[in-house]
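Coordinates in review
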Amino acid sequence: MIIVMEPDALDSQISHVVGLVHDFGLKEHVIRGTDRTVIACIGDKRSVDKGALENAPMVEKIVPILAPYKVASRELKKEKTKIAIGPEKFVIGGDKVGVIAGPCAVENRDMILEMATILRKSGCAGLRAGAFKPRTSPYAFQGLKEEGLKILAEARKETGLAIVTEAISVETIEMVAEYADVVQIGARNMQHYPLLEAAGKINKPVILKRGLCATLDEFLLAAEYIINGGNKEVILCERGIRTYEGYVRNTLPLASVAQLNSMTHLPVIVDPSHGTGHAHLVPSMCRAAVAAGCDGLLVECHQDPEHALSDGAQSITPNVLDEVIVDINKIAEIVKRS
Ligand code: PEP
Ligand code: MN
C-alpha cells in the first residue's frame, strides 16, 4: 500500500502519517520525489484502517501496490532513482550512460593502475575488478582479497574513477565497502538473503546482478531486501541468464532492460561480458544495450586477455572499448541520452 501525500505536505505532516503507519504495526519507506512525497507501507495490512489514514492532513490518496515487489516499483516512484558514484559523483540513472570497465579480477598492482589511467582517458565513470572472486571451481584463482582492495583504492586516488568491486560474504562486506565506491553483489549471490540484508546496512551504492536463473520478479524482490535493510541506492545489472543455448556462456535478454524500466525506478545497467562469454559479441551487445535504454554498462576489459587469470575469453581490449564508446556516444543521442 502506498500513501500519496499532497504536493505541499509539510515535513511535520509527513512525520505525522509515518507515526500512524507505525501505530498500525507497519514499517515505512518514505520517498521524496520532485513533485510529492509518497510513503510505502510494509508489513501485514489486514488490521489497517485505511479510512483513518486517508483522513490525516495532506494525505491525497491510498493506493494498493499490485506487484509482488513494492519499494522498487514504478507504482511507488515515477522518476528514475539517480545514484551518484565515486569521488566525482557520476550519476547513474541520469542523462549520461555510464561506462564501468576493467578486468574480471585484480591480478596485480601494475595492471590495475595502468588500466585505471587508460579508462580515465576513455571517459569511463568507473573501474571494475574483483578482489574477492566467486569462482565456479575451488581450484581457480580466488582473488587477492584485501590486498586487491588496497590496489583499487590506490587506482581511485590516482584517477578519480569510481571503484566497483564484489563482496561475496557477510563477514567481508563491510571491509569491501570501506575501500569501494560501489559494492557488487554477484549473480550467484542474488538469493543469498543474509548478504542482501548486510548490503542494506552499508553506506555505499550496490550493483545487484541478476541471478543465473532468476525471474525479473525475483530480481526485484532481491533488490528489496537491500532497500528494506536501509540502503536505497541499488543499481540493477542484467548479466544474462542460463538457457539451453550453447553458443553463448549466458543468454543476454535485452528486452529485460525495457521491461525493468517499466517495472522499477531503479537504474538498470547491462554486463555484456558475462552476458555473452565471448569478446567478439561484446561490442554489438554494448550498442544494443544502450539502444534498449540502459543507464550504464559493466564491461570486462583487459590489456592482455589471452593471459587473463579469469574471464579472458569475454574481455575486450582497451582499443576495442574506445571504439565501442565512439559508437555508443552516437546511439545514446538517438535515445535522448549522452
Ligand atoms: C563478475 O562481475 O566478474 C562476476 C563474477 O559476475 P557474475 O556475478 O555476473 O557472474
Ligand atoms: Mn568475470
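Scoring rules and cut-offs
- Residues numbered from 1 in each chain as written.
- Chains lettered and ligands numbered in written order.
- Predicted model: local features only at pLDDT ≥ 70, side-chain atom pairs only at ≥ 80, totals over all residues.
- Heavy atoms only, no water.
- Helix = DSSP H or I, 4+ residues; strand = E, 2+ residues; numbered from the N terminus.
- Rg over C-alpha atoms; globule rule 2.2 N^0.38 Å.
- Buried < 20%, exposed > 50% of the residue type's maximum accessible area, 1.4 Å probe, protein only.
- Areas by Shrake-Rupley, 256 points an atom, 1.4 Å probe, with all protein chains shown as cover.
- Lys, Arg positive; Asp, Glu negative; His and termini not counted.
- Charge placed at Lys NZ, Arg CZ, Asp CG, Glu CD.
- Donors = N, O, S within 2.8 Å, 3.2 Å for Na, K, Ca; no water.
- Core = buried A, V, L, I, M, F, W, Y, C linked by side-chain atoms within 4.5 Å.
- Domains from an automatic or database assignment.
- Contact = heavy atoms within 4.5 Å.
- Buried area = accessible area lost by both parts, 1.4 Å probe.
- Salt bridge = Lys/Arg side-chain N within 4 Å of Asp/Glu carboxyl O.
- Nonpolar A, V, L, I, M, F, W, Y, C, P; charged D, E, K, R; others polar.
- Pairing = 2+ DSSP bridges.
- Axes fitted to C-alpha atoms, helices over the stretch in contact; angles between N-to-C directions.
- Disulfide = S-S within 2.5 Å.
- Near = heavy atom within 4 Å.
- Polar contact = N/O pair within 3.5 Å; in protein donor to acceptor, adjacent residues only side chain to side chain.
- Left-handed = near helix turned anticlockwise from the far one by under 90°.

Attention shifts here to the overall build of the protein chain. The secondary structure content of the protein chain amounts to 11 helices and 14 strands. In terms of C-alpha radius of gyration, the protein chain reaches 21 Å, essentially the compact-globule figure of 20 Å for 338 residues. Relative to its full complement of 338 residues, the protein chain shows a buried share of 56%. Just so you have it, the protein chain exposes about 14,700 Å², and 53% of that area is on carbon and sulfur atoms. Mean positive and mean negative side-chain charge positions of the protein chain (38 and 43 charges, respectively) differ by 1 Å.

Glancing now at the coordination of the manganese ion (ligand 2). With distances of 2.0 to 2.4 Å, the protein atoms coordinating the manganese ion (ligand 2) are Cys 104 (SG), His 274 (NE2), Glu 300 (OE) and Asp 311 (OD). If you list the donors of the manganese ion (ligand 2) from N- to C-terminus, the spacing comes out as C-x169-H-x25-E-x10-D. With His 274 in helix H9 (residues 272–276) and Asp 311 in the loop between strand E14 (296–300) and helix H11 (318–334), this pair connects stretches of sequence that are 37 residues apart. Taking relative accessible area as the criterion, Asp 311 reaches 18% and is therefore assigned buried.

Next up on the list: the nonpolar core. Of all hydrophobic cores here, the largest spans 82 residues; its most connected members are Ile 112, Leu 127, Ile 173, Leu 208, Leu 236, Leu 297 and Leu 321. In terms of residue count, helix H7 (residues 216–228) provides more of this core than any other element does, 7 residues in total. A domain split of this core shows at least three residues from each of domain 1 (2–63) and domain 2 (83–334). For Ile 173, the contacting residues outside a window of four places in its chain are Ala 167, Val 183, Ile 185, Leu 195, Ala 198, Ala 199 and Ile 202. In terms of nonpolar packing, the next biggest core, distinct from the first, is built from 17 residues, Ile 3, Met 5, Ala 9 and Val 30 among them.

Along its sequence, the protein chain is carved into domain 1 (2–63) and domain 2 (83–334). Between the C-alpha centres of domain 1 and domain 2 the distance comes to 35 Å. Taken together, the 5 residues of domain 1 in the interface contact 4 residues of domain 2. Summed over both sides, the interface of domain 1 with domain 2 buries roughly 320 Å², with 49% coming from carbon and sulfur. Linking domain 1 to domain 2 there are 0 salt bridges. If you tally residues by element for the side of domain 1 that touches domain 2, the top one is strand E2 (residues 27–32), at 4 residues. Here the residues of the side of domain 1 that touches domain 2 are counted per class, giving 3 nonpolar, 1 polar and 1 charged.

The next point concerns the sheet that holds strand E4 (residues 59–63). Taking strand neighbours across the sheet as the criterion, the 4 strands line up as E2-E3-E1-E4 in an open arrangement whose pairing is antiparallel. Looking at strand neighbours, the two that pair on one side only are E2 and E4, the edges of this open sheet. For this sheet, the mean inter-axis angle between neighbouring strands, taken without regard to orientation, is 20°. Note: strand E1 (residues 2–5) against strand E3 (residues 37–42), 3 bridges, orientation antiparallel. Within E3, the residue paired with Ile 2 across the bridge is Ala 40. Contacting E1, E2, E3 and E4, helix H1 (residues 11–23) crosses the sheet at an angle of about 155° to E2.

With that out of the way, let us pick up the state of the cysteines. The full count for this structure, using the stated rule, is 0 disulfides. Of all cysteine sulfurs, the one in Cys 237 lies closest to Cys 213, which takes part in no disulfide; the gap is 16 Å.

It is worth spelling out the site of ligand 1 at this point. Taken together, Cys 104, Arg 128, Lys 133, Glu 166, Gln 184, Gly 186, Ala 187, Arg 188, Lys 209, Arg 239, His 274 and Glu 300 make up the full set of residues near ligand 1. For ligand 1, an oxygen atom lies 2.6 Å from a polar atom in the side chain of Arg 239. For ligand 1, an oxygen atom lies 3.3 Å from a polar atom in the side chain of His 274. When isolated, ligand 1 has an accessible area of 300 Å², and the protein chains bury 97% of it. Of the residues that constitute the shell around ligand 1, the class distribution is 2 nonpolar, 3 polar and 7 charged.

All right, on to the packing of helix H3 (residues 109–122) against helix H4 (residues 146–159) then. Across the interface, H3 lies against H4 with an axial gap of 9 Å and an inter-helix angle of 35°. Crossing of H3 against H4: the hand is right-handed. On H4, the residues that touch Arg 109, Ile 112, Leu 113, Ala 116, Thr 117 and Arg 120 of H3 are Ile 151, Leu 152, Glu 154, Ala 155 and Thr 159. By residue class, the composition of the contact of H3 with H4 is 6 nonpolar, 2 polar and 3 charged.

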